[in-house]
Amino acid sequence: DQQVKQNSPSLSVQEGRISILNCDYTNSMFDYFLWYKKYPAEGPTFLISISSIKDKNEDGRFTVFLNKSAKHLSLHIVPSQPGDSAVYFCAATSFRGSTLGRLYFGRGTQLTVWP
Amino acid sequence: NAGVTQTPKFQVLKTGQSMTLQCAQDMNHNSMYWYRQDPGMGLRLIYYSASEGTTDKGEVPNGYNVSRLNKREFSLRLESAAPSQTSVYFCASSESGNSPLHFGNGTRLTVT
């Protein structure tokens, strides 16, 4: 049973426009959320994170929004660039109890940014 | 810095064979992890080591064993490989349990 869901396997956006990637989770114990980016034949790289005590975190062109009541988060990329084309994974974890660093990943969304 | 290094990059095994996937990190991180990624799936945690000398099961530990050899190295062993273990295996490390993970580039394993 998937606890982190990314329901859009792919997204195509024109360069310069906004990319919005969505993620839903089912476990109310999750209190820390991350986005990873993955290029082919490489490992995932950390992009941005958000704690459940916040509803927004921004880092340059990347902003993550968290809606706890809806158990939903989204990643906004503005403006999108061709180099952003990659698979984006949403991940979640809980630091309560013993689930130290145990990330639960979504299936990923392939973002394609075209010129 | 090399970061997280995994060897080998590719491996083909026959059913029943054994092998060890090696992972080493040079960032002086305390925690290390093994994940697998199957087509169309997210990454799933196999085993992790919160600190040197400790290991714990993740979501999908069956068929695997691990060894935290020292602070730098964390190996994953398949004692009797099965086709269901065909996957891409990623090793990762983090400074602590609440730090983002740094991943290696993966080992692509095929079991025939």
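Residues numbered from 1 in each chain as written. Chains lettered and ligands numbered in written order. Predicted model: local features only at pLDDT ≥ 70, side-chain atom pairs only at ≥ 80, totals over all residues. Heavy atoms only, no water.

Q: Lay out the pattern of salt bridges in plain terms, naming residues and giving numbers.
A: All names here are of chain B. Summed over the entire model, instances satisfying the criterion amount to five salt bridges over all chains. The shortest N-O distance in the salt bridge between D38 and R36 comes to 2.9 Å. Put simply, D38 and R44 hold a salt bridge, and the shortest N to O gap is 2.6 Å. Here D38 falls in the buried class, since its relative accessible area comes to 12%. R44 sits in the partly exposed class, given a relative accessible area of 24%. When salt bridges with common partners are traced through the structure, they connect R36, D38 and R44 into a single cluster. (Salt bridge = Lys/Arg side-chain N within 4 Å of Asp/Glu carboxyl O. Buried < 20%, exposed > 50% of the residue type's maximum accessible area, 1.4 Å probe, protein only.)

Q: Tell me about the sheet that holds strand 8 (residues 74-78) of chain B, and please be specific about residues and values.
A: Residues and elements named next belong to chain B. Strand order in this open sheet of four strands is 1-3-8-7, and the pairing throughout is antiparallel. Edge strands, defined here as strands with exactly one partner in the open sheet, are strand 1 (4-7) and strand 7 (64-68). Taking the axes of each pair of neighbouring strands and ignoring which way they run, one obtains an average angle of 15° across the sheet. Sheet topology note: the strand 1/strand 3 (residues 19-25) ladder contains four bridges and is antiparallel. Opposite V4, over in strand 3, you have Q25 as the bridge partner. (Pairing = 2+ DSSP bridges. Helix = DSSP H or I, 4+ residues; strand = E, 2+ residues; numbered from the N terminus. Axes fitted to C-alpha atoms, helices over the stretch in contact; angles between N-to-C directions.)

Q: If you had to explain the sheet that holds strand 6 (residues 56-59) of chain A to someone new, which residues and values would you point to?
A: Residues and elements named next belong to chain A. Spatial ordering of the open sheet is given by 1-3-8-7-6, a layout of five strands whose pairing is antiparallel. The outermost strands of the open sheet, each flanked by one partner alone, are strand 1 (4-5) and strand 6. Two elements, strand 7 (residues 62-67) and strand 8 (residues 72-77), share six bridges in a ladder whose sense is antiparallel. Paired with N67 across the strands is H72, a residue of strand 8.

Q: Give a description of the layout of surface pockets that names residues and reports values.
A: Rolled over the atoms, a probe with the dimensions of a water molecule shows which regions are left empty. Here the largest pocket defines a volume of roughly 480 Å³. A class-by-class count of the residues in the lining of the largest pocket yields nine nonpolar, eight polar and six charged. The volume enclosed by the second largest pocket comes to roughly 180 Å³. As for the second largest pocket, its lining consists of D1, Q2, Q3, V4, Y104 and F105 of chain A together with M41, G42, L43, R44 and E59 of chain B. For the lining of the second largest pocket, the elements supplying multiple residues, two or more each, are strand 10 (104-105) of chain A together with strand 5 (43-49) of chain B. (1 Å grid on protein atoms, 1.4 Å probe; cavity = no way out; pocket = protein on both sides within 12 Å on 5 of 7 lines; lining within 4 Å. Points joined across faces, edges and corners; volume = space filled by probe spheres on them. Nonpolar A, V, L, I, M, F, W, Y, C, P; charged D, E, K, R; others polar.)

Q: Explain the interface of chain A and chain B to me, and be specific about the residues and the numbers.
A: Across the contact, 20 residues belong to chain A and 21 residues belong to chain B. Surface buried jointly by chain A and chain B totals about 1,700 Å² across both partners, of which 62% is contributed by carbon and sulfur atoms. Linking chain A to chain B there are three residue pairs in polar contact (both at pLDDT 80 or more). Of all the elements in the fold, those that place two or more residues in the side of chain A that touches chain B are strand 4 (32-38) and strand 10 of chain A. No other element matches the four residues that strand 4 of chain A contributes to the side of chain A that touches chain B. Looking at the side of chain A that touches chain B residue by residue, the classes come out as 12 nonpolar, four polar and four charged. (Contact = heavy atoms within 4.5 Å. Buried area = accessible area lost by both parts, 1.4 Å probe. Polar contact = N/O pair within 3.5 Å; in protein donor to acceptor, adjacent residues only side chain to side chain.)

Q: Outline the nonpolar core, listing residues and values.
A: In terms of nonpolar packing, the biggest core is built from 24 residues, with F33, W35, L73, L75 and Y88 of chain A touching the most fellow members. Going through the elements one at a time, strand 3 (19-25), strand 4, strand 5 (45-51), strand 7, strand 8, strand 9 (86-93) and strand 11 (109-114) of chain A are the ones with two or more residues in this core. Once residues lying within four places of it in the same chain are set aside, the contact partners of L73 of chain A are L21, N22, C23, Y25, F33, W35, V64, F65, L66 and C90 of chain A. In terms of nonpolar packing, the next biggest core, distinct from the first, is built from 19 residues, V4, L13, M32 and L109 of chain B among them. (Core = buried A, V, L, I, M, F, W, Y, C linked by side-chain atoms within 4.5 Å.)

By themselves, these figures tell us nothing about what the structure is for.
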